[in-house]
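One-letter residues, chain by chain:
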Amino acid sequence: MRALTVETGRNGSVRTTEVPEPDVETGDLLVEGLALGVCGTDKEIARGEYGSAPPGREPLVLGHESLGRVRHAPDGCGFSPGDLVVGVVRRPDPVPCGACARGEFDMCRNGRYTERGIKDLDGYGSELWRVEPDYAVALDPALEQVGVLMEPTTIVAKAWEQVERVGARAWFEPRRVLVTGAGPIELLAAMLGVQRGLDVHVLDRVTEGPKPGLVTDLGATYHHDPADEVAARLEPDVVIEATGAGQVVFDTMAHTAAYGVMCLTGVSTAGRHLSVDAGGVNRELVLENDVVLGSVNANLRHYRQAADALAKADRDWLGRLITRRVPLSRAAEAFTSDSGDVKVVITIDNGNG
Ligand code: BGC
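Residues numbered from 1 in each chain as written. Predicted model: local features only at pLDDT ≥ 70, side-chain atom pairs only at ≥ 80, totals over all residues. Heavy atoms only, no water.

(A) Structural view of the overall build of the chain. A tally of regular secondary structure across the chain gives 10 helices and 19 strands. Expected size for 353 residues packed as a compact globule is a radius of gyration near 20 Å; at 20 Å, the chain falls within 12% of this value. The principal-axis extent of the C-alpha atoms belonging to the chain is close to 60 × 45 × 40 Å. By residue count, 52% of the 353 residues in the chain fall in the buried class. Taking the contacts inside the chain whose residues are at least 6 apart along the sequence as the reference set, 69% of them involve residues at least 24 apart. Total accessible area computed for the chain in this model is approximately 15600 Å², and 48% of it derives from carbon and sulfur atoms. Of note, the chain has its 36 positive side-chain charges centred 2 Å away from the centre of its 52 negative side-chain charges. (Helix = DSSP H or I, 4+ residues; strand = E, 2+ residues; numbered from the N terminus. Rg over C-alpha atoms; globule rule 2.2 N^0.38 Å. Buried < 20%, exposed > 50% of the residue type's maximum accessible area, 1.4 Å probe, protein only. Contact = heavy atoms within 4.5 Å. Areas by Shrake-Rupley, 256 points an atom, 1.4 Å probe, with all protein chains shown as cover. Lys, Arg positive; Asp, Glu negative; His and termini not counted. Charge placed at Lys NZ, Arg CZ, Asp CG, Glu CD.)

(B) Molecular detail of the UniProt feature "domain: Alcohol dehydrogenase-like N-terminal" (unreviewed entry) in the chain. Per the UniProt annotation, the sites labelled "domain: Alcohol dehydrogenase-like N-terminal" (unreviewed entry) are residues 27-138. Spanning residues 27-138, this segment combines 10% helix with 34% strand, and its end C-alpha atoms are found 16 Å apart. (UniProt positions renumbered as here; feature names shortened; annotations may be inferred.)

(C) Focus on the UniProt feature "domain: Glucose dehydrogenase C-terminal" (unreviewed entry) in the chain. UniProt marks residues 145-347 with the feature "domain: Glucose dehydrogenase C-terminal" (unreviewed entry), using the numbering shown here. As a span, residues 145-347 carries 41% helix and 18% strand, and end to end its C-alpha atoms are 10 Å apart.

(D) Region of the structure containing the sheet that holds strand 12 (residues 176-180). Strand order in the open sheet made by the six strands is 14-13-12-15-16-17, with parallel pairing throughout. This sheet does not close on itself; its edge strands, each paired only once, are strand 14 (221-223) and strand 17 (291-294). Neighbouring strand axes in the sheet, compared pairwise and without regard to direction, differ in orientation by 20° on average. Alignment of strand 12 against strand 13 (residues 199-203), held across five bridges, turns out to be parallel. Directly across from V179, in strand 13, lies its bridge partner V202. (Pairing = 2+ DSSP bridges. Axes fitted to C-alpha atoms, helices over the stretch in contact; angles between N-to-C directions.)

(E) Main features of the site of the ligand. Taken together, C39, T41, Y50, H64, V89, R90, E115, I118, E151, I155, V296 and N297 make up the full set of residues adjacent to the ligand. A distance of 3.4 Å separates an oxygen atom of the ligand from a polar side-chain atom of H64. Within the contact set of the ligand, an oxygen atom lies 2.8 Å away from a side-chain nitrogen or oxygen of E151. When the ligand is considered free in solution it has 310 Å² of accessible area, and contact with the protein chains removes 91% of it. The residue inventory of the shell around the ligand, partitioned by class, reads six nonpolar, three polar and three charged. (Near = heavy atom within 4 Å. Polar contact = N/O pair within 3.5 Å; in protein donor to acceptor, adjacent residues only side chain to side chain. Nonpolar A, V, L, I, M, F, W, Y, C, P; charged D, E, K, R; others polar.)

(F) Summary view of the domain arrangement of the chain. For the chain, the domain assignment lists domain 1 (2-138 + 314-347) and domain 2 (154-294). Taken residue by residue, the interface counts 11 residues in domain 1 and 13 residues in domain 2. In terms of surface lost to domain 2, no three residues of domain 1 exceed W317, R320 and V342, which account for 51% of the buried area on that side. For the pair domain 1 and domain 2, the number of links is two salt bridges. (Domains from an automatic or database assignment. Buried area = accessible area lost by both parts, 1.4 Å probe. Salt bridge = Lys/Arg side-chain N within 4 Å of Asp/Glu carboxyl O.)

(G) Looking closely at helix 9 (residues 300-311). Taking 1.5 Å per residue, 12 residues should reach 16 Å; helix 9 reaches 17 Å between its end C-alpha atoms and fits that length. Listing the buried residues of helix 9 in full gives H302, Y303, A306, A307, A309 and L310. An end-on view of helix 9 places all buried positions within 165° of arc, on one side of the element. Seen from the open side of helix 9, the exposed residues pointing more than 90 degrees away from its buried face are R304 and D308. Those residues of helix 9 that are buried are in contact with strand 6 (84-87), strand 11 (136-138), helix 3 (150-167), helix 4 (184-195) and helix 10 (315-321). For helix 9, the capping residue at the N-terminal end is N299, with a side-chain oxygen 2.9 Å from the backbone nitrogen of R301. (Expected span 1.5 Å × (residues − 1). Arc of directions from axis to C-beta.)

Next up, the structure:
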């Protein structure tokens, strides 16, 4: 069968190649791949900067933003052939640490977790893949065209849950949220904010292309001024940050409302230095009981939250987030950026794509 593979650590080694069908040991559910989302992490792996293949062998089958249709399901596992499913990305560490032992593998304490398509486990970028029924999540059948947005939605479902849990340490009725960036993660974060009835603002640099319209059609407000100006004007109760750009992070951090909660989800490149008023930031956080927290990955609870959020979202709007679909045979094109891109998806149409 064909798969999207990469020699980890080697820039430019992403290929669509023939690989053996997945080993039954990788899960009882046999799934036909339909689509695969490409994100910043995949691009980092493609550049050889991140990721690891299963121990002792290369290449790694890439892909963690999955969508597939069940071909074979063992009796009594809760799935049936034809079901639309996505596979969960992370697996608990083998020790396991206290968090992993409690199903909170997204909060793993010892870093020995594994991740499909990222860290030590083959991903979902293949014509057929297998997954353990306990790590598969069924999607509303009506979501076939957009269900590939599920994994990024889990990331922001977790981010929102974290914000609300942190906020719940005292009286918390947030009204205004600022989402920094207008990529797929940010737009999905904004969608979850709108679903919560909040006054949602999204900040990005661009003034053209699909992003401004996607924001306004969501019922949110689009901004393209510098981050410090926008944040100072809005004084948001909640910030969801996904650009990972240091300047945006610190400019925004300084201007949250009192008791502001800022959730960082962008994985940035280390080694870039900024000059910041550290005392000023510290003073603001202390005097206003502000919180800045990091959030990565998602556990099964967040997958269920994401499935519910997608099921009640406007499917046409979700469809507009996918600005490019590239067949598996031309997958390399999905790794080049186009200024009009929001989400690029690789389609896997078993035998034809
Ligand atoms: C994925 C997460 C993963 C993280 C770090 C992200 O792109 O969405 O599931 O935990 O990368 O590997």
